[in-house]
Protein chains: 2
Amino acid sequence: MARMFTLHPQLAKDAFVVGEFPVSLLLLINDCQYPWCVLVPQRESISEIYQLDNATRVQVLEESCRLASTMQQLYAADKMNVAALGNVVPQLHIHHIARQKTDPTWPMPVWGKLAAQPYTDAERDARLQQLRRALFNK
Amino acid sequence: MARMFTLHPQLAKDAFVVGEFPVSLLLLINDCQYPWCVLVPQRESISEIYQLDNATRVQVLEESCRLASTMQQLYAADKMNVAALGNVVPQLHIHHIARQKTDPTWPMPVWGKLAAQPYTDAERDARLQQLRRALFNK
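Being a predicted model, the structure only gives us computed values, none of them experimental.

### With respect to the confidence of the model for chain A
Any region with low pLDDT has predicted coordinates that should not be read closely.
Here is step 1 of the chain: Confidence in the prediction for chain A averages 96 pLDDT; 98% of positions are at 70 or higher.
Here is step 2 of the chain: Scoring of the predicted complex yields 0.97 for pTM and 0.96 for ipTM.

### A look at the nonpolar core
Generally speaking, soluble globular proteins have nonpolar side chains that are buried together.
Here is step 1 of the chain: Leu27, Trp36, Val40 and Trp111 of chain A together with Trp36 and Trp111 of chain B are the most contacted members of the largest nonpolar core, which totals 33 residues.
Here is step 2 of the chain: Look past the residues within four positions of Trp36 of chain A in its chain and what remains in contact with it is Leu27, Leu28, Ile29, Asp31, Met71, His95, His96, Ile97, Val110 and Trp111 of chain A.
Here is step 3 of the chain: Counting 31 residues, the second-largest nonpolar core is a separate cluster that includes Val18, Tyr75, Ala98 and Leu135 of chain A.

### As for the environment of Arg99 of chain A
Here is step 1 of the chain: Within the fold, Arg99 of chain A resides in strand 5 (residues 94–99).
Here is step 2 of the chain: Residue Arg99 of chain A is classed as buried on the basis of its relative accessible area, which comes to 0%.
Here is step 3 of the chain: Taking the C-alpha atoms as reference points, Arg99 of chain A and Pro22 of chain A, 77 residues apart in sequence, are found 26 Å from one another.
Here is step 4 of the chain: Setting aside residues up to four positions removed in sequence, Arg99 of chain A forms contacts with Tyr34, Ala77, Asp78, Lys79, Asn81, Thr105, Trp106, Met108, Pro109 and Val110 of chain A together with Asn87 of chain B.
Here is step 5 of the chain: Side-chain polar atoms of Arg99 of chain A contact the side chain of Thr105 of chain A, separated by 3.2 Å.

### Concerning the interface of chain B and chain A
Here is step 1 of the chain: Taken together, the 30 residues of chain B in the interface contact 30 residues of chain A.
Here is step 2 of the chain: Of the roughly 2700 Å² buried at the junction of chain B and chain A (both faces included), carbon and sulfur atoms supply 59%.
Here is step 3 of the chain: The largest per-residue losses of area from chain B upon contact with chain A belong to Tyr50, Lys79 and Asn87 of chain B, which jointly make up 24% of the total buried on that side.
Here is step 4 of the chain: Taken together, the links from chain B to chain A amount to two salt bridges.
Here is step 5 of the chain: Of all the elements in the fold, those that place two or more residues in the side of chain B that touches chain A are helix 2 (54–74) and strand 4 (79–84) of chain B.
Here is step 6 of the chain: Sorting elements by how many residues they give to the side of chain B that touches chain A places helix 2 of chain B first, with nine residues.
Here is step 7 of the chain: Summarising the sheet, strand 4 (residues 79–84) of chain A and strand 4 of chain B pair through three bridges and their orientation is antiparallel.

Criteria and thresholds
Residues numbered from 1 in each chain as written. Chains lettered and ligands numbered in written order. Predicted model: local features only at pLDDT ≥ 70, side-chain atom pairs only at ≥ 80, totals over all residues. Heavy atoms only, no water. pLDDT = per-residue confidence, 0-100. Core = buried A, V, L, I, M, F, W, Y, C linked by side-chain atoms within 4.5 Å. Buried < 20%, exposed > 50% of the residue type's maximum accessible area, 1.4 Å probe, protein only. Contact = heavy atoms within 4.5 Å. Helix = DSSP H or I, 4+ residues; strand = E, 2+ residues; numbered from the N terminus. Polar contact = N/O pair within 3.5 Å; in protein donor to acceptor, adjacent residues only side chain to side chain. Buried area = accessible area lost by both parts, 1.4 Å probe. Salt bridge = Lys/Arg side-chain N within 4 Å of Asp/Glu carboxyl O. Pairing = 2+ DSSP bridges.

This is the structure we're talking about:
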């Protein structure tokens, strides 16, 4: 079934598309200070997880767990931070950030602390390839 | 089946027990600046959602959605913030915060911004009673 879905322009601006799970679009935030991905369930006009129907919600949980587990392994993260905030961008999106005890804002949450440091083209391509291989066998 | 589970002392210190869902303990953070609850799945030695077995994980999602939906209604929240961080307290716990555009840290996340303002005894009792009625018919 074709569904209407348009990625919020702020997310499109701040991130690269890594790939697609059955429900969610997977983005990589353009900030090389942390491995930072965002899952965006491709459903219109949803801003809270509980607003998804039950089957979709369970599928998004599956996608989130797959992503968190893969990121924690790939980046040897001390802790995953998983969060649906959306105070600025209301379109439902779920942050997945691989935190290290040595990263620049540990142990604080990352939001609003430091200006983003964009990837170089080569770093971006390497990270996208790494994530695509691990998550989508590409 | 009896299970070993001990609430992390930092959570016990910062919050009051509201009640119990089938899997999670429900806490109210002792900060009257925001309606702020925490779900703690009662399983030992788990720090990430993906480490829960599949059935438990789906049940926690159910509890989280019930809680988020109820809090958004009760407090007419502009946005729910739902997050599993755990950089300081590794025991898996999931924050549910009812945010208002008029609250003191909007639109930033709440962590690390303002010192907690404890409830008075009367405010605490009223809030606990309100949550118990809405969530546990008590």
